[in-house]
Amino acid sequence: ASHWKGIRSMKHPRDFSIDEILASNWDKRLAHDIAAELELASGEPRTSIPEIRRFFAIRSCRNLLGRLESARNGKSSFSALRAVATEMRRFAVEHPALAATTFRAPVTECPEWHRAYQEVHEFMIAVFAECNLSGRKGDVALQILRCLVRGFALHEFMDAFLHTFSYDEAYELALDIFIAGLRVSETGRL
């Protein structure tokens, strides 16, 4: 029983400072260099894991939004959806850790993080609205797309598909199926 008491009183990993997490001097030096770079970029000290996580989440959302806007430029409806879905996967494969922060809802009361996350969400909801999927249908379609993107990116990053000759071709086929399903559900149940 005393064994379990000790486990319950342990701090959550996010509550440790960089110094507490990293044991070796080399690791500490690297972490302090990263924190110093983040401080230069943001103008504020970043010495805890939650601060660093918030910084990267905000930055990732903004970077992703810029890439999605560029991908959508000049396109509308399902053509725009395909372009942004392709760009979402590209971003996730190029930056797996950063992409993970864009898929995760803000976990703190940081207004800047909420705003950055909401901007990506609203952008995607507007794309789905052009495909006649608004309200609950748009939200569900976005959840499905996020799962599709994360799943493909994870498998691609880990090279986990045994019989795939091209991840690009497999993803394009998945988008064909996803979009065909959305077209059918425009008037039906989603």
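Below is a short write-up of the structure. (Residues numbered from 1 in each chain as written. Predicted model: local features only at pLDDT ≥ 70, side-chain atom pairs only at ≥ 80, totals over all residues. Heavy atoms only, no water.)

This part is about the overall build of the protein. Each helix and strand in the protein was counted, giving nine helices and zero strands. Each helix and strand of the protein, ordered N terminal to C terminal, gives the series α-α-α-α-α-α-α-α-α. Looking at the protein residue by residue over its 190 residues, the buried ones come to 34%. Residue pairs at least 24 apart in sequence account for 63% of intrachain contacts in the protein once pairs closer than 6 positions are excluded. Approximately 11,600 Å² of the protein is accessible, and the part contributed by carbon and sulfur atoms is 56%. (Helix = DSSP H or I, 4+ residues; strand = E, 2+ residues; numbered from the N terminus. Buried < 20%, exposed > 50% of the residue type's maximum accessible area, 1.4 Å probe, protein only. Contact = heavy atoms within 4.5 Å. Areas by Shrake-Rupley, 256 points an atom, 1.4 Å probe, with all protein chains shown as cover.)

Relative to the 28 Å expected for 20 residues at 1.5 Å per residue, helix H7 (residues 111–130) spans 28 Å between its end C-alpha atoms, a close match to the ideal helical length. All buried positions along H7 are accounted for by Trp113, Ala116, Tyr117, Val120, His121, Phe123, Met124, Val127 and Phe128. For H7, the angular spread of the buried residues around the axis is 150°, confining them to a single face. Looking at the residues trailing H7, positive phi occurs at Asn132, about 65°. (Expected span 1.5 Å × (residues − 1). Arc of directions from axis to C-beta.)

Tallied over the full model, the rule gives one aromatic pair. Measuring from centroid to centroid gives 5.2 Å for Phe152 and Tyr171, while their planes differ by 75°, and the two rings are edge-to-face. A residue pair is termed long-range when its members are at least 10 positions apart, and Phe152 in helix H8 (residues 136–158) and Tyr171 in helix H9 (residues 167–185) qualify at 19 residues. The burial state of Phe152 is the same as that of Tyr171; both residues are buried. Sitting over the ring of Phe78, Arg183 keeps its end group 4.1 Å from the ring centre. (Phe/Tyr/Trp six-rings, centres within 6.5 Å; stacked < 30°, edge-to-face > 60°. Lys NZ or Arg CZ within 6 Å of the ring centre and 35° of its normal.)

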